[in-house]
Amino acid sequence: MVEFIWAGYIKRQIPFVASDNKLRTAVINEIKKNYPEYKTMCEIGSGYGGMARAVARGCGMRVTALENMPFTYFVARVLDFVSGARGVKTLRVDAFKWLGEYDGVFDIGLAYLGAGINDRLIDYMHRFRVLFVLDVPMSNMVPVRVVDIGGGFTRYGDKKYPHKLFIYTK
Ligand SMILES: C[S@@+](CC[C@H](N)C(=O)[O-])C[C@H]1O[C@@H](n2cnc3c(N)ncnc32)[C@H](O)[C@@H]1O
């Protein structure tokens, strides 16, 4: 609740929405089908870490999960611990600041953020071989592929975004 109110006051922050099983399965299937040799992922805005743990478990990837909300980060760390998650490193950082200082390249970047905030990812494309964006497309890049996940949507503000996976490369 406190975070929800806080989020309302932070300009680029979005209300918290955790990914559902459908989104997690779609991401795992996409990796297995088209990027089976990829081994590292960076999740930009990882929330409680459900997606990060699912990808680490489902694809055997090493996932760096970036989350800036203190309480959400705390819960994610507890869940990482109690679920015995392997391959997930959760950091409490501003993802964009962190990526600006990072000097490596992840095989996959993954973002499930909101309209506007996703557009900021254009400045960090060199940090990913491929970028997955869920539901809300970037308005400043053209995806190389769009996977229709089918059924369900994410609501941001008064707009509904049907479940889709947008795939971008630089
Ligand atoms: C829609 S939730 C997605 C949660 C998670 N990816 C999932 O699939 O369950 C977006 C998350 O991004 C976080 N977030 C937004 N902007 C961020 C930033 N600049 N740095 C780190 N985390 C951020 C929010 O706090 C929120 O937990």
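Located above this text is the structure these notes cover.
Presented here is a report on the structure given in the accompanying data block. (Residues numbered from 1 in each chain as written. Predicted model: local features only at pLDDT ≥ 70, side-chain atom pairs only at ≥ 80, totals over all residues. Heavy atoms only, no water.)

1. Concerning the sheet that holds strand β2 (residues 62-67)
One open sheet accounts for seven strands, arranged β3-β2-β1-β4-β5-β7-β6; its pairing is mixed. Taken across any chain shown, the strands that pair with only one partner, and hence form the sheet edges, are β3 (88-92) and β6 (145-156). Taken pair by pair, the neighbouring strands of this sheet meet at an average axis angle of 20°, ignoring direction. Of the pairings in the sheet, the one linking β6 to strand β7 (residues 159-168) comprises eight bridges and is antiparallel in character. Residue V147 lies in a different strand from β7, and its bridge partner there is L165. Along the sheet, helix α3 (residues 50-59) makes contact with β1 (40-44), β2, β3, β4 (106-111) and β5 (128-134), crossing β2 at roughly 175°. Where helix α4 (residues 70-82) meets the sheet, its contacts fall on β2 and β3, and the angle it forms with β3 comes to roughly 160°. (Pairing = 2+ DSSP bridges. Helix = DSSP H or I, 4+ residues; strand = E, 2+ residues; numbered from the N terminus. Axes fitted to C-alpha atoms, helices over the stretch in contact; angles between N-to-C directions. Contact = heavy atoms within 4.5 Å.)

2. Side note on the pattern of salt bridges
Inspection of every chain in the model, using the stated rule, returns four salt bridges. In this structure, the salt-bridge partner of E30 is R145, at a minimum N-O distance of 2.6 Å. Taken together, the positions of E30 in helix α2 (residues 21-34) and R145 in strand β6 put the pair 115 residues apart, joining distant regions of the chain. Looking at E30, the relative accessible area reads 5%, which means it is buried. (Salt bridge = Lys/Arg side-chain N within 4 Å of Asp/Glu carboxyl O. Buried < 20%, exposed > 50% of the residue type's maximum accessible area, 1.4 Å probe, protein only.)

3. Observations regarding α4
Spanning 13 residues, α4 covers 18 Å between terminal C-alpha atoms, matching the ideal 18 Å at 1.5 Å per step. Within α4 the residues assigned to the buried category are T72, Y73, V75, A76 and D80. One side of α4 carries all its buried residues, which in axial view fall inside an arc of 165°. Residues F74, F81 and V82 are exposed on α4 and point more than 90 degrees away from its buried face. A positive backbone phi angle near 65° is found at G84, which sits one or two residues after α4. (Expected span 1.5 Å × (residues − 1). Arc of directions from axis to C-beta.)

In short, the description is geometric, and any link to function would need to be established separately.
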